[in-house]
Amino acid sequence: MSRIGRMPISIPAGVDVKIEAGNLVTVKGPKGTLTQQLHPAMTITQEGDVIHVTRPNDEKANRSLHGLTRTLLHNMIVGVTEGFKKELDVNGVGYRVAKEGNKLVMNLGFSHQVIMEEVPGITIEVPGPNKIIINGCDKQQVGQFAAEVREKRPPEPYKGKGIKYTDEVIRRKAGKTGAKK
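Residues numbered from 1 in each chain as written. Predicted model: local features only at pLDDT ≥ 70, side-chain atom pairs only at ≥ 80, totals over all residues. Heavy atoms only, no water.

Let's shift gears to the side chain of N135. Mapped onto the elements, N135 comes out in strand β12 (residues 131-136). A relative accessible area of 17% places N135 in the buried class. Polar side-chain contacts of N135 include one of 2.7 Å to the side chain of E125. Dropping the residues within four chain positions of it, N135 is found in contact with F84, K85, G121, I122, T123, E125 and V142. (Helix = DSSP H or I, 4+ residues; strand = E, 2+ residues; numbered from the N terminus. Buried < 20%, exposed > 50% of the residue type's maximum accessible area, 1.4 Å probe, protein only. Polar contact = N/O pair within 3.5 Å; in protein donor to acceptor, adjacent residues only side chain to side chain. Contact = heavy atoms within 4.5 Å.)

Below is the structure:
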């Protein structure tokens with residue numbers, strides 16, 4: 001059995017989980033509502049405040065879907081209770097970010113400003129000119145938006161200039177040495 005897939009998911013107080021036909025799961029909580037269509041082969045059962053995910057047989061496809069289905073359900077519950085957060089750092093001389101209304105305005109060394117709009121379900125915070133915090137209840141959406149922001153100026157290996165995740169480590173290169181005489 002899948003070690004992750006067989007673990008029960010506990011539903012915290014204040015969270016409402018609805019499992020409909022065809023494994024359409026709706027989770028409501030203090031941070032919002034998430035709806036996701038999970039694979040119909042998996043069996044999702046709710047007993048009180050605990051959810052169990054079981055698979056019909058031990059075929060390779062079902063084994064791989066077992067842990068995935070349980071993790072997707074767990075991420076939905078964590079998302080509507082605590083939410084997910086990605087932090088990005090902006091490094092470079094003259095590189096800075098600001099928030100104007102619901103737009104993220106970035107000066108990244110281009111001849112123009114790079115402007116990104118907030119996506120519904122995501123909030124952007126800019127506590128300083130070199131820091132971006134992206135919050136939301138959908139883990140996939142938060143990660144995707146953070147990746148799109150980072151894509152505007154990925155970090156380069158020589159000076160480390162660009163946008164990077166706070167916990168990301170950039171492998172640095174030595175660069176050229178001086179001319180030898």
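Through backbone hydrogen bonds, the strands of a sheet pair up, either in parallel or in antiparallel fashion. With respect to topology, four strands assemble into an open sheet ordered β11-β12-β7-β13, the strand pairing being antiparallel. The two strands at the open ends of the sheet, each matched to only one other strand, are β11 (122-128) and β13 (162-165). The mean inter-strand angle of the sheet, taken between neighbouring strand axes irrespective of direction, is 25°. Lying on the sheet, helix α2 (residues 139-151) is in contact with β7 (84-91), β11, β12 and β13; it crosses β7 at an angle near 10°. (Pairing = 2+ DSSP bridges. Axes fitted to C-alpha atoms, helices over the stretch in contact; angles between N-to-C directions.)

One open sheet holds the three strands; their spatial order is β2-β3-β4, and the pairing between them is antiparallel. Every other strand in the sheet has two partners, leaving β2 (16-20) and β4 (32-37) as the edge strands with one partner each. For this sheet, the mean inter-axis angle between neighbouring strands, taken without regard to orientation, is 10°. Across five bridges, the pairing between β2 and strand β3 (residues 24-29) is antiparallel. When the sheet's bridge partners are listed, D16 is paired in β3 with K28. Running at roughly 20° to β3, helix α1 (residues 60-81) makes contact with β2, β3 and β4 of the sheet.

Attention now goes to the nonpolar core. As a rule of thumb, soluble globular proteins bury nonpolar side chains together. Ranked by size, the top nonpolar core spans 21 residues in total, and within it L88, M106, I132, I134 and V149 carry the most contacts. Among the secondary structure elements, those contributing two or more residues to this core are β7, β9 (103-107), β10 (114-117), β11, β12, α2 and β13. When residues in this core are grouped by element, the largest group, four residues, is from α2. Every residue in contact with L88, bar those within four places of it in the chain, is listed here: N130, K131, I132, I134, A146, V149, R150, I163, K164, Y165 and T166. Counting residues in each nonpolar core, the second largest holds 18 residues, with V17, V25, I51 and L65 among its members. (Core = buried A, V, L, I, M, F, W, Y, C linked by side-chain atoms within 4.5 Å.)

On to the packing of aromatic side chains. One pass over the full model with this rule turns up zero aromatic pairs. In this structure, R153 is placed above the aromatic ring of F110, and the distance from its NZ or CZ to the ring centre is 4.3 Å. (Phe/Tyr/Trp six-rings, centres within 6.5 Å; stacked < 30°, edge-to-face > 60°. Lys NZ or Arg CZ within 6 Å of the ring centre and 35° of its normal.)

What follows is about the environment of Y165. The residue Y165 is located in strand β13 in this model. Spatially, the C-alpha atom of Y165 lies 18 Å from that of E118, the residues being 47 residues apart in sequence. If we ignore the near neighbours within four places in the chain, the residues touching Y165 are K86, E87, L88, A146, A147 and R150.

Empty space among the atoms becomes apparent when a probe as large as a water molecule is rolled across them. As a volume, the largest pocket reaches approximately 190 Å³. In terms of lining residues, the largest pocket is bounded by L34, T35, Q36, L72, N75, M76, F84, C137, D138, K139 and Q140. Among the elements of the structure, β4, α1 and α2 are those that each provide at least two residues to the lining of the largest pocket. Residues belonging to the lining of the largest pocket are distributed by class as follows: five nonpolar, four polar and two charged. (1 Å grid on protein atoms, 1.4 Å probe; cavity = no way out; pocket = protein on both sides within 12 Å on 5 of 7 lines; lining within 4 Å. Points joined across faces, edges and corners; volume = space filled by probe spheres on them. Nonpolar A, V, L, I, M, F, W, Y, C, P; charged D, E, K, R; others polar.)

On to unusual backbone geometry, then. The phi angle at N23 is positive, at roughly 60°, despite the residue not being glycine. Among the structural elements, N23 can be located in the loop between β2 and β3.

With respect to the helices and strands, N62 occurs in helix α1. Judged by its relative accessible area of 9%, N62 falls in the buried class.

The values are spatial; any link to function lies outside them.
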